[in-house]
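Given next are the chains, with one letter for each unit.
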Amino acid sequence: MASDHVDVLIVGAGLSGIGAAVHLQRNCPGKTYTVLEARDAIGGTWDLFRYPGIRSDSDMYTLGYSFKPWTNPKAIADGDAIREYVRETAREHGVPAHIRFHHRVVRAEWDSATARWTVHAHRDDTGEDVVLTCAFLFTCSGYYRYDEGYTPEFPGVERYAGQLVHPQHWPEDLDYAGKRVVVIGSGATAVTLVPAMAEQAGHVTMLQRSPTYVISLPSRDALADAARRWLPAKAAYDLVRWKNVVLGVANFQLSRRAPGLVKKLLRRAARGKLPVGYDIDRHFSPRYNPWDQRLCVVPDGDLFRAVSAGRASVVTDTIETFTEPGIRLRSGAELPADIVVTATGLNLLALGGMTIVVDGAEVDLAQTVAYKGMMLSGVPNFAMTIGYTNASWTLKADLVATYVCRLLRHLDGTGQQVVTPLAPIAGDLAPIIDLKSGYVLRAVDQLPKQGPSAPWRLHQNYPRDVLLMRHGRLTDEGVRFSRAGTPATDGAAERPAPVA
Ligand SMILES: Cc1cc2nc3c(=O)[nH]c(=O)nc-3n(C[C@H](O)[C@H](O)[C@H](O)COP(=O)(O)OP(=O)(O)OC[C@H]3O[C@@H](n4cnc5c(N)ncnc54)[C@H](O)[C@@H]3O)c2cc1C
């Protein structure tokens, strides 16, 4: 068993973990840190997913880091370009030397007497168990299970003679040229896969139980193209980033305040890109309001183009059963398929599946309340990165990392060692993720809660969070700073968490 101590332990070497390491190096140069990564690569999501067409669905001016301009001309970028951007960032800042690959963190135990975490990791490659200690634990472990995507139980699936594929485990050698493909799903993955596969496949059918809002955006940003010619790279990047932040916030606010109007606008935009007489109400008009679930972006209308060209089609129906040659639908229709892709989603997983223990008591995440969307009530010296649901993940990840650095400097500056969030005294609690998507609803009872008002409420609003997290006070009624030796529960008894 190897043992080691660092000031900050970062869990995960994806987009967030690499960003966290760079922020830490720049803002707290004296701190020692290590990144523990379960896999053998940098990049997380952008290394794991390898299906045809894999790309971002937000623009890279906001999905990129605040400190590293995105200079690729594509605003909605391919997965391999994003992976390379994350790796390049890591290399430029010497982060790889701090990463221990093949280390899956399984358990972290806080001890108030020493003000230290003892972190247990398992090495999948050697079978060894490794123990490290740290003063601050920073999880950047994403939000879903890596080993298994979500697949509902389809009746009769064992009879199906074709090939069944989940996008999370894409077979490298899958040959779909000329084949009949059915993609089950209507989310971001399905709308990416369908036009990409339609370029080679005989025909691709997107089979959805119910529609999703799909919006076409240009894959290049005209302002970015112009700004890059006239301004230094960082100034051009900041300009486009803020333009997209403002547009994103405006779009979200309009959807919340005038959902009927936004529905009409989305419908009209889809009608302009689909053949005359196409049944938009059936296939592209969801029953829920825009932003109750994430909107699906298609670059340059690629999905609509594939449908208009007859290379792809959308079927809105329910699966009755799989058959030997394909799928029978409740309407009685048959969908023959050589390949079925189950783009049916992710399994949500909080904190990379690790167990958190504070002074000997296991923490039930569902009983905790998130403080500023990034720390947990009753859990000292701990932060987690969960990105926005209505904007690019990295906008929030950057703010969380900046805030952690401010906290660490504040602790050092005041001669204290421990920061512990407290739960709100009163008010209703709500799930931390406010989307009504299937993958959220399936796991909602395992997730932390959010409180009724700041600093426990997530406003999902980047400009507001910039004020709160970059410039706001570090000391408020939601947090306690103390010296080593203060029990984590001290003072918590007078502040019982309200019931959800
Ligand atoms: C297909 C797909 C497309 C997406 N597109 C967008 C988009 O366009 N815009 C957007 O804003 N968001 C998007 N997202 C969300 C996306 O996950 C984030 O943008 C971002 O990649 C998250 O980065 P992360 O580093 O926080 O998490 P991840 O990318 O999930 O990386 C987490 C890392 O932590 C490691 N890890 C996990 N648990 C442990 C553990 N216990 N011990 C050690 N290591 C661990 C993992 O191996 C992984 O390397 C997308 C998600 C998916 C699945």
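The structure under discussion appears in the preceding block.
Since the model is a prediction, treat every value here as computed from it, not as a measurement.

Contacts to the ligand come from 32 residues, most closely from S16, E37, D57, S58 and Y146. Between the ligand and the protein, one listed contact pairs a nitrogen atom with a backbone N or O atom of A38 at 3.1 Å. Backbone polar atom of G352 to a nitrogen atom of the ligand: 3.1 Å apart, as the coordinates give it. When the ligand sits alone it has 970 Å² of accessible area, and the protein chains cover 95% of it. Every element with two or more residues in the shell around the ligand is listed here: α1 (15–27), α2 (45–48) and β4 (103–111). In terms of residues, the shell around the ligand owes the most to one element, β4, which gives 3 residues. Partitioned by chemical class, the residues of the shell around the ligand number 15 nonpolar, 12 polar and 5 charged.

Between its terminal C-alpha atoms helix α7 (residues 233–257) stretches 36 Å, which fits the 36 Å expected from 25 residues at 1.5 Å a residue. Turning to α7, its buried residues number three or more, namely A236, Y237, V240, R241, N244, V245, F252 and S255. The secondary structure elements touched by the buried residues of α7 are α3 (60–63), α4 (79–92), α6 (222–230), α8 (259–271), α11 (393–414) and α13 (462–471).

Turning our eyes to something else, we now look at the nonpolar core. One finds I10, I18, F138, V181, V183 and M197 to be the most contacted residues of the largest nonpolar core, which totals 100 residues. Of all the elements, α11 adds the most residues to this core, at 12 residues. Sequence-distant contacts of V181, that is, excluding residues within four places in its chain, are made with Y176, M197, A201, H203, V204, T205, I339 and V341. Ranked by size, the runner-up nonpolar core spans 35 residues in total, among them W110, L351, M354 and L458.

On to the sheet that holds strand β15 (residues 334–336). The strand order β13-β14-β15 describes an open sheet built from 3 strands, whose pairing is antiparallel. Both outer strands of the open sheet, β13 (319–322) and β15, are each paired with one neighbouring strand and no more. If you compare each strand with its neighbour and ignore which way they point, the axes differ by 20 degrees on average. Inspection of the sheet shows β13 paired to strand β14 (residues 326–329) by 3 bridges, in the antiparallel sense. The residue bridging F322 from the neighbouring strand is I327, located in β14.

Moving on: the pattern of salt bridges. Tallying each qualifying case throughout the model produces 25 salt bridges. Among the salt bridges present, the one from D147 reaches R145, with a minimum N-O distance of 2.9 Å. Of the charged contacts, one joins R328 and E334 as a salt bridge, the two residues approaching to 2.9 Å between their closest N and O atoms. Residues joined in a network through salt bridges with shared partners are R39, D47, R50, R83 and R87.

Strand order across the open sheet formed by 5 strands is β7-β16-β8-β9-β12, with parallel pairing between neighbours. Here the strands that pair on one side only, and so sit at the sheet edges, are β7 (163–165) and β12 (312–316). Strand-to-strand twist of the sheet, defined as the mean angle between neighbouring strand axes without regard to direction, takes the value 20 degrees. Sheet topology note: the strand β8 (residues 180–184)/strand β9 (residues 203–208) ladder contains 5 bridges and is parallel. Paired with R180 across the two strands is H203, which belongs to β9.

Relative to the helices and strands, H459 resides in the loop between β24 (449–450) and α13. What makes H459 partly exposed here is its relative accessible area of 24%. Sequence-wise, H459 and W46 are 413 residues apart; in three dimensions their C-alpha atoms are separated by 27 Å. Engagement of the side chain of H459 in a polar contact is seen with the side chain of R464, the distance being 3.5 Å.

A one-sided burial pattern is seen for β12, the buried positions being A312, V314 and T316 and the unburied ones S313 and V315. In this sheet, β12 lies alongside β9 in parallel orientation, the contact comprising 5 bridges. Its bridge partner being in β12, V204 is matched across the sheet by A312.

Right, let's talk about the environment of V400 for a bit. Here V400 lies in helix α11. We classify V400 as buried; its relative accessible area is 0%. Linking V400 and G387, residues 13 residues apart in sequence, is a C-alpha distance of 9.1 Å. Beyond its immediate chain neighbours, meaning those up to four positions away, V400 contacts F138, M374, M384, T385 and M469.

Parameters and conventions
- Residues numbered from 1 in each chain as written.
- Predicted model: local features only at pLDDT ≥ 70, side-chain atom pairs only at ≥ 80, totals over all residues.
- Heavy atoms only, no water.
- Near = heavy atom within 4 Å.
- Polar contact = N/O pair within 3.5 Å; in protein donor to acceptor, adjacent residues only side chain to side chain.
- Areas by Shrake-Rupley, 256 points an atom, 1.4 Å probe, with all protein chains shown as cover.
- Helix = DSSP H or I, 4+ residues; strand = E, 2+ residues; numbered from the N terminus.
- Nonpolar A, V, L, I, M, F, W, Y, C, P; charged D, E, K, R; others polar.
- Expected span 1.5 Å × (residues − 1).
- Buried < 20%, exposed > 50% of the residue type's maximum accessible area, 1.4 Å probe, protein only.
- Contact = heavy atoms within 4.5 Å.
- Core = buried A, V, L, I, M, F, W, Y, C linked by side-chain atoms within 4.5 Å.
- Pairing = 2+ DSSP bridges.
- Axes fitted to C-alpha atoms, helices over the stretch in contact; angles between N-to-C directions.
- Salt bridge = Lys/Arg side-chain N within 4 Å of Asp/Glu carboxyl O.

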